[in-house]
Amino acid sequence: MSSHSELKTSQDVHLRAKQIKSLIRSLKQKIKKIEREGEVAPANCHIILYQVNRKGTIYWYYKLQAAESIFPMATNNEKKTKYKYLGRAGSSAHIDAVEKLTRRNLIDELERVIQSLTESYLDIYIGTETE
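Residues numbered from 1 in each chain as written. Predicted model: local features only at pLDDT ≥ 70, side-chain atom pairs only at ≥ 80, totals over all residues. Heavy atoms only, no water.

### Section: the sheet that holds strand 1 (residues 45-54)
Here three strands make up an open sheet; going across it, the order is 1-2-5 and the pairing antiparallel. The sheet is open, and its two edges are formed by strand 1 and strand 5 (83-87), each paired on a single side. Going from strand to strand, the sheet's axes swing by 35° on average, the running direction of each strand aside. Taken together, the 10 bridges between strand 1 and strand 2 (residues 57-66) define a ladder with antiparallel strand orientation. (Pairing = 2+ DSSP bridges. Helix = DSSP H or I, 4+ residues; strand = E, 2+ residues; numbered from the N terminus. Axes fitted to C-alpha atoms, helices over the stretch in contact; angles between N-to-C directions.)

### Side note on the pairing of strand 2
Between the antiparallel neighbours strand 1 and strand 2 lie two residues, among them Lys55 with a positive phi of about 50°. Pairing geometry for strand 2 and strand 5, over four bridges, is antiparallel. By the bridge assignment, Leu64 is partnered in strand 5 with Lys84.

### Remarks on a nonpolar patch on the surface
Together, Leu49, Ile58 and Trp60 make up an exposed nonpolar region whose accessible area comes to about 300 Å². Mapped onto the fold, Leu49 is located in strand 1. In this structure Leu49 comes out as partly exposed when scored by relative accessible area, which is 44%. (Patch = residues over 30% accessible without salt bridge, like charges linked within 9 Å, V, L, I, M, F, W, Y side chains within 5 Å. Areas by Shrake-Rupley, 256 points an atom, 1.4 Å probe, with all protein chains shown as cover. Salt bridge = Lys/Arg side-chain N within 4 Å of Asp/Glu carboxyl O. Buried < 20%, exposed > 50% of the residue type's maximum accessible area, 1.4 Å probe, protein only.)

### Here's the deal with the nonpolar core
Counting residues in each nonpolar core, the largest one holds 11 residues, listed as Val13, Ile20, Ile24, Leu27, Ile31, Ile34, Ile107, Leu110, Ile114, Leu117 and Ile124. Residue assignment for this core shows that the elements contributing at least two residues are helix 1 (2-37) and helix 2 (92-129). In terms of residues, this core owes the most to one element, helix 1, which gives six residues. Residues within four places of Leu27 in sequence aside, it is in contact with Leu110, Val113, Ile114 and Leu117. If you look at the next biggest cluster of nonpolar residues, it comprises eight residues, including Leu64, Ala66, Phe71 and Ala97. (Core = buried A, V, L, I, M, F, W, Y, C linked by side-chain atoms within 4.5 Å. Contact = heavy atoms within 4.5 Å.)

### Considerations on unusual backbone geometry
Phi at Asn44 takes a positive value of approximately 60°, unusual for a residue other than glycine. Relative to the elements of secondary structure, Asn44 occurs in the loop between helix 1 and strand 1. Non-glycine residue Lys55 carries a positive phi angle of around 50°. Structurally, Lys55 can be placed in the loop between strand 1 and strand 2. Owing to a relative accessible area of 89%, Lys55 belongs among the exposed residues under this scheme.

### Points about the packing of aromatic side chains
Here a ring pair, both rings aromatic, is described through the centre-centre distance and the interplanar angle of the planes. Under the definition given, this model contains three aromatic pairs. On the basis of an interplanar angle of 35° and a centroid distance of 6.0 Å, the ring pair of Tyr50 and Tyr61 is categorised as tilted. With Tyr50 in strand 1 and Tyr61 in strand 2, this residue pair connects regions lying 11 residues apart in the sequence. An aromatic cluster is defined as three or more aromatic residues linked by ring pairs; in this entry it consists of Tyr50, Tyr59, Tyr61 and Tyr85. The ring of Tyr50 carries Lys63 above its face, with NZ or CZ at 4.4 Å from the centroid. (Phe/Tyr/Trp six-rings, centres within 6.5 Å; stacked < 30°, edge-to-face > 60°. Lys NZ or Arg CZ within 6 Å of the ring centre and 35° of its normal.)

Distances and angles like these do not, on their own, reveal function.
Structural data, given as structure tokens:
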């Protein structure tokens, strides 16, 4: 009697593992599709709004900020900076950066889900070994 339940449990484990692997493949395909849609912003970047006060008038601009110096400086391409100037709201550089950052954020979230599913996949087999 126990061999029948062990077989059923084994089949259940394999079915769950197969479903997880299938979902991981599907999510990886979604990442590739996003990457084909256009350029992706570098990791650990975000868009910030800042103000400049010129002769008593305040101007608002946007820039892309990275955690590390990765962008070429405007004055010296040999040196790197953490910031990339985007201009005013709605400028082509601003809109382009928003699109790139949106793709980055979608990919990052899908990769977090894939990591979680990979851990679940491993847990299925580790969990059955301890039973």
